[in-house]
Amino acid sequence: MDWDEFAEWSKQIADWAVDYHKTLADRPVRAQTAPGEIAEQLPVAPPEDAEAMETVLADFETIVMPGMTHWQHPRFFAYFPANAAPPSMLAEMLVTTIAAQCMLWQTSPAATEMEGVMVDWLRQALDLPETYTGVIQDSASSATLSAVLTMRERATGFTGNRHGLSGKGNLRIYCSDQVHSSIDRACWVAGIGQENLVKLPATGPRFALDANALEQAIARDLEDGQIPAGIIAITGGTGVGASDQLEPVLAVARKHDLYTHLDAAWAGAAMICPELRADFWHGVEGFDSIVFNPHKWLGAQFDCSVQFLSDPLPQLNTLKIEPEYLKTTGEAVTNYSEWTIPLGRRFRALKIWFLIRSYGLEGLRARIRNHIVWSGEICEQIRAFEGFEIVTEPILSLFSFRCPGDDATQQRLVDALNDDGRIYLTQGAFQGRKVIRFQVGQFDTTREDVMMAAGVIKDVWRRIA
Ligand SMILES: *Cc1c(COP(=O)(O)O)cnc(C)c1O
């Protein structure tokens, strides 16, 4: 392909993108396709000869598009959002065009320096102290793994990487039973092991880690000769939005000199609203590591996960490696690949720059505030449906409910709703029961989109009940 052809096709694709978004609301939200249906339309073997872009794009329309679930659909109420505000898409187009590897300062000075400034813009937006620096990672899973590895290294006097973990005793990490599965996996991969991730029952209206139970668990472990290494707290858990009381958890951490990580992957975005911080984030400035995904609720296209660090040194001492071919000379500069597990890194800061400049923090706050209000409104509508039950009250913009009937009926309603296609919801589990989750957070969803879901749920329920 030469650049004149590229010019033609990129214009066509830009037009296609606009059309896609303008007509998105007419498509079913979740793909209406059966497993294997897409794969069987693709040739088994790669072509030996070149094909025309017309043909490739025509196949994209007929084969690929019917197999897509539409995450930017205004009636996407499943999981958590993966928003892609239009200005962040434009930034991604530029990033894709330049296609730089941003592993070292010298491999992309602007990307590195922009990253430093964008992390600081977000720090200010969240009102974290100036002492925090940070890094942009691909996902919260990677940030959490970095933090867990740091817990491991710190608890072993930074000898785990060198000597391995053999003979080092059981390192223990503490959290509530509401943590995301990425915390389990971080403990598997870090060599700590599932059984050494101590999950304490969540309590109270926000399903928080009980600081007394935490203290007792640590004391018991110390008596048994185990080695406490860290505590992981959450603001806005994935299941039902569980949010820990941060101060009491931090007090226990300080007493035992434990490294602390806060998972605010989803709810961190809402902390740009000052009125929410007292309630959710009191004491946050005591955490060693905090992760928040601008690629969820905030609007920066996936992938974009910010990890704030009160002191980057423990993580650098855990992850930094400098073979000869990566050495740079001259001025002291930041090489962000030393802060993370992968070496290669994309220019992720540009979309934050485009996003925040295009809406201002006020524009982003307005969306989040609306989502929270609308979530409360639809929650009341569902509560009023005969036999329906709100299982967990809204935490920010997430609540969960049950229709009349057993767990299988809950799943039947979820599946029927998603087959219907007008809205998209997913199930969760809470205290041993299946629940139906509802979250409001798609970037340009309207009150009308949200309220429509009530009618759809009633309609589909009537059909299957
Ligand atoms: C989404 C989510 C994660 C995982 O985020 P990734 O960026 O997909 O790894 C972790 N924790 C919470 C609370 C989440 O909502």
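Within any chain, residue numbers begin from 1 and follow the written order of that chain's sequence. Whole-chain, interface and lining totals are the exception, using all residues; otherwise, since this is a predicted model, local features are given only for residues with pLDDT of at least 70 and side-chain atom pairs are given and counted only at 80 or more. Calculation of side-chain values draws on the structure's entire complement of heavy atoms; hydrogens and water are dropped beforehand.

1. Digging into the sheet that holds strand β1 (residues 133–137)
Phase 1: Strand order across the open sheet formed by seven strands is β1-β7-β6-β5-β4-β2-β3, with mixed pairing between neighbours. What marks the edges here is a single partner per strand, and that holds for β1 and β3 (197–200). Pairwise comparison of adjacent strand axes, ignoring direction, gives a mean angle of 20° for this sheet.
Phase 2: By definition in these notes, contact holds between two residues if any of their heavy atoms fall within 4.5 Å. Each axis is a line fitted through C-alpha atoms, taken for helices only over the stretch in contact, and angles between the N-to-C directions span 0 to 180 degrees. Secondary structure is summarised from DSSP: a helix means a run of H or I of at least four residues, a strand means a run of E of at least two, and numbering begins at the N terminus for each. Sitting on the sheet, helix α4 (residues 109–125) touches β1, β6 (289–292) and β7 (305–309), and the angle it makes with β1 is about 110°. Following DSSP output, two strands are said to pair if at least two bridges run between them.

2. What to know about the site of the ligand
Phase 1: What makes a residue near a molecule or strand is one non-hydrogen atom of that residue sitting within 4 Å of it. What surrounds the ligand is a group of 14 residues, the closest being Ala140, Ser141, Asp263, Asn293 and Lys296.
Phase 2: N or O atoms within 3.5 Å of each other form a polar contact, as long as, within protein, one can give a hydrogen and the other can take it, and as long as residues adjacent in sequence are counted only when both atoms are side-chain atoms. Backbone polar atom of Ala140 to an oxygen atom of the ligand: 2.7 Å apart, as the coordinates give it.
Phase 3: In the environment of the ligand, an oxygen atom lies 3.2 Å from a nitrogen or oxygen atom belonging to the side chain of Thr238.
Phase 4: Where accessible areas are quoted, they stem from the Shrake-Rupley method and a 1.4 Å probe; at the residue level, only the protein chains shown are allowed to cover. When isolated, the ligand has an accessible area of 390 Å², and the protein chains bury 88% of it.

3. Some points on the domain arrangement of the chain
Phase 1: Domain boundaries assigned for the chain yield domain 1 (3–67), domain 2 (101–346) and domain 3 (361–464).
Phase 2: Here the bounds of each domain stem from an automatic or database domain assignment. A separation of 38 Å is found between the C-alpha centroids of domain 1 and domain 2.

4. Considering unusual backbone geometry
Phase 1: The peptide bond linking Phe302 to Asp303 adopts the cis configuration, its omega dihedral lying at 5°.
Phase 2: Assignment of secondary structure puts Asp303 in the loop between α11 (294–298) and β7.
Phase 3: Residue Tyr79 is not a glycine yet carries a positive backbone phi of 40°.
Phase 4: Residue placement: Tyr79 occurs in the loop between α2 (53–64) and α3 (86–98).

5. A word on the packing of helix α13 (residues 349–383) against helix α15 (residues 447–464)
Phase 1: Put simply, α13 and α15 touch, their axes get as near as 10 Å, and they point 15° apart. For the element pair α13 / α15, the angle class is roughly parallel. Relative to α15, α13 is oriented so that their crossing is right-handed. When α13 is examined against α15, the residues Trp374, Glu377, Ile378, Gln381 and Ile382 are found in contact with a partner set consisting of Arg447, Val450, Met451, Ala453, Ala454 and Ile457.
Phase 2: Ten residues, namely Ala, Val, Leu, Ile, Met, Phe, Trp, Tyr, Cys and Pro, are considered nonpolar, four, namely Asp, Glu, Lys and Arg, are considered charged, and the remaining ones, Gly among them, are considered polar. Here the residues of the contact of α13 with α15 sort into eight nonpolar, one polar and two charged. When an angle is under 35 degrees it counts as roughly parallel; over 145 it counts as roughly antiparallel; between 65 and 115 it counts as roughly perpendicular; any other value is oblique. Crossings are assigned a handedness: left-handed for a near helix turned anticlockwise from the far helix by less than a right angle, right-handed for a clockwise turn.

6. Considering the nonpolar core
Phase 1: To form a nonpolar core, buried Ala, Val, Leu, Ile, Met, Phe, Trp, Tyr and Cys residues must be joined to one another through side-chain atoms within 4.5 Å. Exposure is judged per residue with a 1.4 Å probe applied to protein chains only, and the accessible area is read against the type maximum: over 50% gives exposed, under 20% gives buried, and values in between give partly exposed. Ile173, Trp281, Ile290, Phe308 and Leu396 are the most contacted members of the largest nonpolar core, which totals 82 residues.
Phase 2: No fewer than three residues from each of domain 2 (101–346) and domain 3 (361–464) sit in this core.
Phase 3: Counting residues in hydrophobic clusters, the runner-up holds 29 residues, among them Ile423, Ile436, Phe438 and Met451.

7. Looking at helix α14 (residues 407–420)
Residues three or four positions apart in an α-helix share a direction because the helix packs 3.6 residues into each turn.
Phase 1: Multiply 1.5 Å by the residue count of a helix minus one, and that product is the helix's expected span. Taking 1.5 Å of rise per residue, 14 residues should cover 20 Å, and α14 covers 20 Å from first to last C-alpha, within 8% of that figure.
Phase 2: Among all positions in α14, only Thr409, Gln410, Gln411, Leu413, Val414, Ala416, Leu417 and Asn418 are buried.
Phase 3: Packing partners of the buried residues in α14 comprise β9 (398–402), β10 (426–430), β11 (433–439) and α15.
Phase 4: Positive phi shows up at Gly421, right after α14, with a value of about 90°.

8. Things to note about the pairing of strand β4 (residues 227–234)
Phase 1: Buried residues dominate β4, accounting for seven of its eight residues.
Phase 2: Handedness of the β4-helix α9 (residues 246–255)-strand β5 (residues 259–263) crossover: right-handed. Handedness of a crossover is defined as follows: orient the strands so they point away from the viewer, and if the path from the first strand over the helix to the second runs clockwise, the crossover is right-handed.

9. Focus: the pairing of β7
Phase 1: Burial of β7 is extensive: five of the five residues sit out of reach of the surface.
Phase 2: What you see with β7 is no split at all: Ser305, Gln307 and Leu309 on one side and Val306 and Phe308 on the other are buried throughout.
Phase 3: Direction of pairing for β1 relative to β7: antiparallel, over a ladder of five bridges. Bridge pairing links Ile136 to Val306 in β7.
Phase 4: Both β6 and β7 contribute to a ladder of four bridges, which runs antiparallel. Within β7, the position partnered with Ser289 by the bridge is Leu309.

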